[in-house]
Amino acid sequence: MPSETPAFDLRAVVLSGFLPAALFAVGEGAIIPIIPIAADNLGAGLAFAGFVASLILVGELIGDVPSGVVVGRIGERNAMIGAAAVSVVGLLVCTWAPNPWVLAVGVFLVGVSTAVFALARHAYMTTAIPVHVRARALSSLGGVFRFGYFVGPFIAAGVVHLTGTTQSAFWIHITCCLLAAVVLLVIRDPATGARGFRKPHRASRPTAPDVTTATAVAEPPTDTGAQFVQDEAHGLFRTIRTHRKVLLRLGSGAGLIGALRAGRQVILPLWAVSVGLDDSTAALVIGIAGAVDFALFYTSGQIMDRWGRLASALPCMVGLALSYFLLAWSGHLDTRVGWFVGIAIGMSLANGVGSGILMTLGADLAPRDHPAPFLGAWRFTGDFGSAAAPLLISGVTAVASIAVASGVMGVLGLVGAGVLLRYVPRYLPRRLR
């Protein structure tokens, strides 16, 4: 006789899913504004400091390719624990780095492990949470990520101020990674009841049915996160070729959204260095800006649902573009520190209005019958823009200046707004535009 479906345990999911995600996000939020400053303190110029900061995003882009296979083979929890361990190795390298080149290696390792952790985290939540509450849970997961970017810089500012050394901020992420791994090891998996490194016995790792049992019944495959992310990663470049038209057109707009967002994470710390802010003050300002961003993640969803995707995407892109232009213009002013604080908050306001726009557009465009490969290609397109922008900023800064680099990012923002305005109406029905 069929067994009764067990009740959904929200507390177990919060402890085993949201808590590790929150810890990892807080640690990442603590180090991102510190990386360019740490590179500058080790003797790197502004351009090379920007390059070092970009490597966390380059590592995430490269880590996107094998992460689906890793998660599918060893399971979601094991992948998160392993990614946390690799992050600790990279962070220890950053902590003891004697020069910017060694720091760059550590940052790259952190980026690769972050990609694996993020994908495993998504898969884990997809597996553990019933379909009827999955959208709200994944939306909340995005809020947890922004919460980490809000809290992390404040913790970093306090730790750097108390210790007097920028490298101490990396110990925050080390502590968070270790705590996340401990939580994952100790708390039971709500979908399997297993603890630790045991391989999951569910559809993410299917087993053949026992045909010798008289009562064996063929069950439909379970919708699991590990299978989903494996489908995302399988044939990534073939999927990009198959959907090349929409990815080249509307996907280029998504890539520019990712570029402006990622550029913000690099250019603000670099600008703080250029205007003479000390390490803890820079982290504090970026933390305040992150609070504005965090406060708007739910409002953005309401805007998209009520007035359409363009009502969120266009203000986001235009607002970020104008912020970059203002940053470039303010560099010669006597009150440039005050302008920096205001512009940092303005950037977060614009970014917050566009919270979730990339995931939403991807879900709108994905084929209904088999969405995973397209979503993997869509995410890779956005991540490519995120990885390219910091490299562009460091390159333009090396050739010209950081003000010129900020102006270039502003131009790209206006181009991206034009691309979205042109192609969102072409590919989405009127009710979603």
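Residues numbered from 1 in each chain as written. Predicted model: local features only at pLDDT ≥ 70, side-chain atom pairs only at ≥ 80, totals over all residues. Heavy atoms only, no water.

A few words on the overall build of the protein. Assigned secondary structure in the protein consists of 17 helices and zero strands. For the protein, buried positions account for 55% of its 433 residues. Within the protein, contacts between residues at least 6 apart in sequence are counted, and of these 83% link residues at least 24 apart. Roughly 18800 Å² of accessible area belongs to the protein as shown, and the carbon and sulfur atoms make up 67% of that amount. (Helix = DSSP H or I, 4+ residues; strand = E, 2+ residues; numbered from the N terminus. Buried < 20%, exposed > 50% of the residue type's maximum accessible area, 1.4 Å probe, protein only. Contact = heavy atoms within 4.5 Å. Areas by Shrake-Rupley, 256 points an atom, 1.4 Å probe, with all protein chains shown as cover.)

A few words on the packing of aromatic side chains. Following the criterion strictly, the structure yields nine aromatic pairs and no others. Taking 6.3 Å as the distance between ring centres and 75 degrees as the angle between the ring planes, the aromatic pair formed by F147 and F150 counts as edge-to-face. Residue F147 and its partner F150 are both found in helix 6 (residues 131-163); the two are separated by three residues, about one turn of the helix. A residue is classified by how much of its surface remains accessible, and F147, at 33% relative accessible area, is partly exposed. On the basis of an interplanar angle of 20 degrees and a centroid distance of 6.2 Å, the ring pair of F374 and W378 is categorised as stacked. Within this pair, F374 and its partner W378 are both found in helix 16 (residues 372-399), separated by four residues, close to a single helical turn. A relative accessible area of 2% means that F374 is categorised as buried. (Phe/Tyr/Trp six-rings, centres within 6.5 Å; stacked < 30°, edge-to-face > 60°.)

Right, let's talk about the packing of helix 10 (residues 244-274) against helix 14 (residues 336-353) for a bit. One way to put it is that helix 10 packs onto helix 14 with a least axis distance of 11 Å and a crossing angle of 170 degrees. Looking at the two axes, helix 10 sits roughly antiparallel to helix 14. On helix 14, the residues that touch R261, R264, L268, W271 and A272 of helix 10 are F340, A344, M347, S348 and N351. Looking at the contact of helix 10 with helix 14 residue by residue, the classes come out as six nonpolar, two polar and two charged. (Axes fitted to C-alpha atoms, helices over the stretch in contact; angles between N-to-C directions. Parallel < 35°, antiparallel > 145°, perpendicular 65-115°, else oblique. Nonpolar A, V, L, I, M, F, W, Y, C, P; charged D, E, K, R; others polar.)

Between its first and last C-alpha, helix 4 (residues 76-95) extends 28 Å over 20 residues, near the 28 Å set by a 1.5 Å rise per residue. Judged by how many residues are buried, helix 4 sits mostly within the fold: 14 of 20 residues are covered. (Expected span 1.5 Å × (residues − 1).)

The next subject is the environment of C94. Mapped onto the fold, C94 is located in helix 4. The class for C94 is buried, based on a relative accessible area of 1%. A C-alpha to C-alpha distance of 7.5 Å links C94 and Q167, two positions 73 residues apart in sequence. The residues touching C94, leaving out its near neighbours within four places in the chain, are L103, G106, V107, Q167 and F170.

Turning our attention to the pattern of salt bridges. Taken as a whole and assessed by the stated rule, the structure comprises three salt bridges. Across the salt bridge formed by D293 and R264, the nearest N and O atoms sit 3.3 Å from each other. In this pair, D293 is assigned in helix 11 (residues 279-295) and R264 in helix 10, connecting sequence segments 29 residues apart. Owing to a relative accessible area of 7%, D293 belongs among the buried residues under this scheme. The salt bridge involving D305 is made with R309; its shortest N-O contact spans 3.9 Å. (Salt bridge = Lys/Arg side-chain N within 4 Å of Asp/Glu carboxyl O.)

This part is about the nonpolar core. General note: in soluble globular proteins, nonpolar side chains tend to be found buried as a group. In terms of nonpolar packing, the biggest core is built from 120 residues, with L103, W378 and L420 touching the most fellow members. Those residues in contact with L420 that sit more than four places away from it in its chain are L250, G253, I257, L310, A313, L314, M317 and P425. (Core = buried A, V, L, I, M, F, W, Y, C linked by side-chain atoms within 4.5 Å.)

What follows is about the environment of G63. Its location among the elements puts G63 in helix 3 (residues 46-74). Of the residues examined, G63 reaches a relative accessible area of 1% and is grouped as buried. Between the C-alpha atoms of G63 and L119, which are 56 residues apart in sequence, the distance is 9.7 Å. Leaving out residues up to four positions away in the same chain, G63 has contacts with V112 and A115.

Another aspect to go through is the confidence of the model for the protein. Per-residue confidence for the protein averages 82 on the pLDDT scale, and 81% of its residues sit at or above 70. The low-confidence segment residues 201-223 (pLDDT under 50) makes 20 contacts with residues lying over four places distant or belonging to another chain. (pLDDT = per-residue confidence, 0-100.)

Okay, a nonpolar patch on the surface next. A cluster of nonpolar side chains, namely F154, L284 and I288, defines an oily patch on the protein surface of about 230 Å² accessible area. Tracing the sequence through the fold places I288 in helix 11. Take I288: its relative accessible area is 38%, and that puts it in the partly exposed class. (Patch = residues over 30% accessible without salt bridge, like charges linked within 9 Å, V, L, I, M, F, W, Y side chains within 5 Å.)

Our focus in this paragraph is the environment of S87. Along the chain, the position of S87 falls in helix 4. Overall, the relative accessible area of 0% leaves S87 in the buried class. Sequence spacing of S87 and L109 is 22 residues, and the spatial spacing of their C-alpha atoms is 6.6 Å. Those residues in contact with S87, other than ones at most four positions away along the chain, are F24, V110, S113 and C177.

Attention now goes to the side chain of D293. Polar side-chain contacts of D293 include one of 3.3 Å to the side chain of R264. In this structure, D293 is in contact with R146, R264, S348, N351, G352 and S355, ignoring residues within four places of it in sequence. (Polar contact = N/O pair within 3.5 Å; in protein donor to acceptor, adjacent residues only side chain to side chain.)

A covalent bond between the sulfur atoms of two cysteines is referred to as a disulfide. Tallied over the entire structure, the rule returns zero disulfides. C176 provides the cysteine sulfur closest to C177, a residue in no disulfide bond, and the two sulfurs are 7.1 Å apart. Classification of C177 as buried rests on a relative accessible area of 1%. (Disulfide = S-S within 2.5 Å.)

Our next topic: the side chain of E28. Assignment of secondary structure puts E28 in helix 1 (residues 10-31). Despite its burial, E28 remains without a salt bridge, the nearest opposite charge being carried by R121 at 6.1 Å. With sequence-adjacent residues up to four places away left out, E28 is seen in contact with I56, E60, T114, F145, Y149 and H173. (Lys, Arg positive; Asp, Glu negative; His and termini not counted.)

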